[in-house]
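Structural features, examined
So you can see what is in the structure, the chains are spelled out below.
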Amino acid sequence: PAPDGKGYRIHLQSKTLARAVEITTPGFDAIYSTNFIDLLPNQPVEVQFNSTASLAQLRSALKLTSVASAVRPIH
């Protein structure tokens, strides 16, 4: 995540199709502009979010999961 004056934004991109990618920050509340995103190969997506947590806290807590993570972890 990176601060942008209106909260934070995160850029996501995958080399392969990633279905229903969920962004979470366990232990910290956050409101996301969108979530459960389908990432198409090599097409970046930007998500805006707000949280009262610090940037350091969000970076350490950030977790991405997808439908495929039930079988293998996201790298």
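Residues numbered from 1 in each chain as written. Predicted model: local features only at pLDDT ≥ 70, side-chain atom pairs only at ≥ 80, totals over all residues. Heavy atoms only, no water.

**What about the overall build of the chain?**
Helices and strands together make up the secondary structure of the chain, namely one helix and seven strands. Mapped in sequence order, the helices and strands of the chain form the string β-β-β-β-β-β-α-β. Across the 75 residues in the chain, those meeting the buried criterion constitute 25%. Counting only carbon and sulfur atoms, one obtains 54% of the accessible surface of the chain, whose full area is about 5000 Å². (Helix = DSSP H or I, 4+ residues; strand = E, 2+ residues; numbered from the N terminus. Buried < 20%, exposed > 50% of the residue type's maximum accessible area, 1.4 Å probe, protein only. Areas by Shrake-Rupley, 256 points an atom, 1.4 Å probe, with all protein chains shown as cover.)

**Notes on the sheet that holds strand 7 (residues 63-65)**
Taken in spatial order, the three strands make up an open sheet running 5-3-7, and their pairing is antiparallel. Either end of the sheet is taken by a strand with one partner, and the two such strands are strand 5 (37-39) and strand 7. Within this sheet the neighbouring strands show an average axis-to-axis angle of 40°, counted without direction. Here strand 3 (residues 18-24) runs beside strand 7; their pairing, made up of three bridges, is antiparallel. By the bridge assignment, Thr24 is partnered in strand 7 with Lys63. (Pairing = 2+ DSSP bridges. Axes fitted to C-alpha atoms, helices over the stretch in contact; angles between N-to-C directions.)

**Section: the pairing of strand 3**
Across a regular strand the side chains alternate sides, sitting on one face of the sheet and then on the other. In terms of strand pairing, strand 3 meets strand 5 through two bridges, oriented antiparallel. When the bridges of strand 5 are listed, Val21 appears paired with Ile37.

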